[in-house]
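Read off the chains here:
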Amino acid sequence: GNHTLLTEFVLSGLSSHPELQHLLFFTFCLIYTITIIGNLLIFMVTVHPTLCMPMYFFLRVLSFLDISTVSTVVPKMLVNFLSEDRSISYTGCATQLYCVIFLAATEWYLLAAMAYDRYVAVCHPLRYATIMSRRVCLALVLLSCCSGNIVSAVQTAWVFTLTFCGPKKINYFFCDIPPLIMLSCTDTSVYEKQIIIATALVIFTPFCLILVSYACIISSILKISSAEGRCKTFSTCSSHLVVVSLYCGSGALIYLLPKASYSQDTKKVLALVYTTIIPTLNPLIYSLRNKEVKGVL
């Protein structure tokens, strides 16, 4: 009865050292600029009439998701580097959490759809146009968005049914599930169990589908007689899998163990991977190494 319910939170940011704030501001301002320019280039280039394959349609959607993800997290982080007031309203925090989860979950399902597209292209080239029709591609994107929306709406609603009665300082650089449940003054054990189930559905199910797709692709690659062709395809597959593994590993460590004993700084680094670093790498890994994209560019 003596608790005062919170109407706002305070984000501590990446570092509490004042002397690092300006350096961090310029570093992440540069990363943000590179991410936006890189993904905008991919978005504009893949609209070209010569790039009408399903793969480029998926790349446009991926670029849009990456731009949205960094724009949800980084601008507020940049403001906090230079401002004494690092508060975020209760509604603003809920909105940011919803957007981050929605975009991350949608991207996971989209990456699985992209892996399936590559599987069909490599393993069933003669039926590729029939299997991956425009209607199928659009359906896969809409299904990814709907699934991401459901996951995000449920998780956000569940988190904000918890009671937050102080302290109001979030030791993080954006509103996310683990630091928020640490602030709750109610029992979160049931919620922690269901988030493990949600993480398995959102991260490991698409990840397994991606692994199966690439296993089939690699099996087909081994039948290629040209050593140069094998090396080129292996290089592409390995770079895709590295990015997906980083995305999976960082997300799994954060959400499978929301109250884990490893340091908060470690959690911040892991969160940076999937909210900032991966969106910066995606244009390079998925698009700018592609000969056709470079030609149009």
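Residues numbered from 1 in each chain as written. Predicted model: local features only at pLDDT ≥ 70, side-chain atom pairs only at ≥ 80, totals over all residues. Heavy atoms only, no water.

**Here we look at the overall build of the chain**
Note the cut-off: A run of DSSP states H or I qualifies as a helix once it reaches four residues; a run of E qualifies as a strand once it reaches two. Both are numbered from the N-terminal end. Both definitions apply: the radius of gyration is a C-alpha atom measure, and the globule rule equals 2.2 Å times residues to the power 0.38. Here the term buried applies to any residue with accessible area under 20% of the maximum for its type, exposed to any over 50%, and partly exposed to those in between, with areas from a 1.4 Å probe on protein chains only. Should any heavy atoms of two residues lie within 4.5 Å, those residues are considered in contact.
Across its full length, the chain holds 10 helices and 3 strands. Mapped in sequence order, the helices and strands of the chain form the string β-α-α-β-α-α-α-β-α-α-α-α-α. Taken against the 2.2 N^0.38 rule, which gives 19 Å for 297 residues, the C-alpha radius of gyration of the chain at 21 Å falls within 12% of a compact globule. Along the first, second and third principal axes, the C-alpha atoms of the chain reach 75 × 40 × 35 Å. Looking at the chain residue by residue over its 297 residues, the buried ones come to 48%. Long-range contacts, defined here as pairs at least 24 residues apart, represent 79% of the contacts in the chain between residues at least 6 apart.

**Things to note about empty space enclosed by the protein**
Worth spelling out the cut-off: Buriedness for pockets is judged along seven lines, at least five of which must meet protein on both sides within 12 Å for an open set on the 1 Å grid over protein atoms alone, while cavities are sets there where a 1.4 Å probe fits but cannot get out, and lining residues have an atom within 4 Å of a point. Grid points are joined across faces, edges and corners, and a volume is the space filled by probe spheres set on the points.
For the coordinates displayed, the defined rule picks out 4 cavities of 30 Å³ or more. In this model, the largest cavity occupies a volume close to 230 Å³. Taken together, 16 residues make up the lining of the largest cavity; nearest its centre are Ile101, Ala104, Val202, Ile203 and Tyr255. Contributing elements (two or more residues each) for the lining of the largest cavity: helix 3 (90-123), helix 5 (134-159), helix 7 (189-221) and helix 8 (227-256). With 5 residues, helix 7 is the largest single contributor of residues to the lining of the largest cavity.

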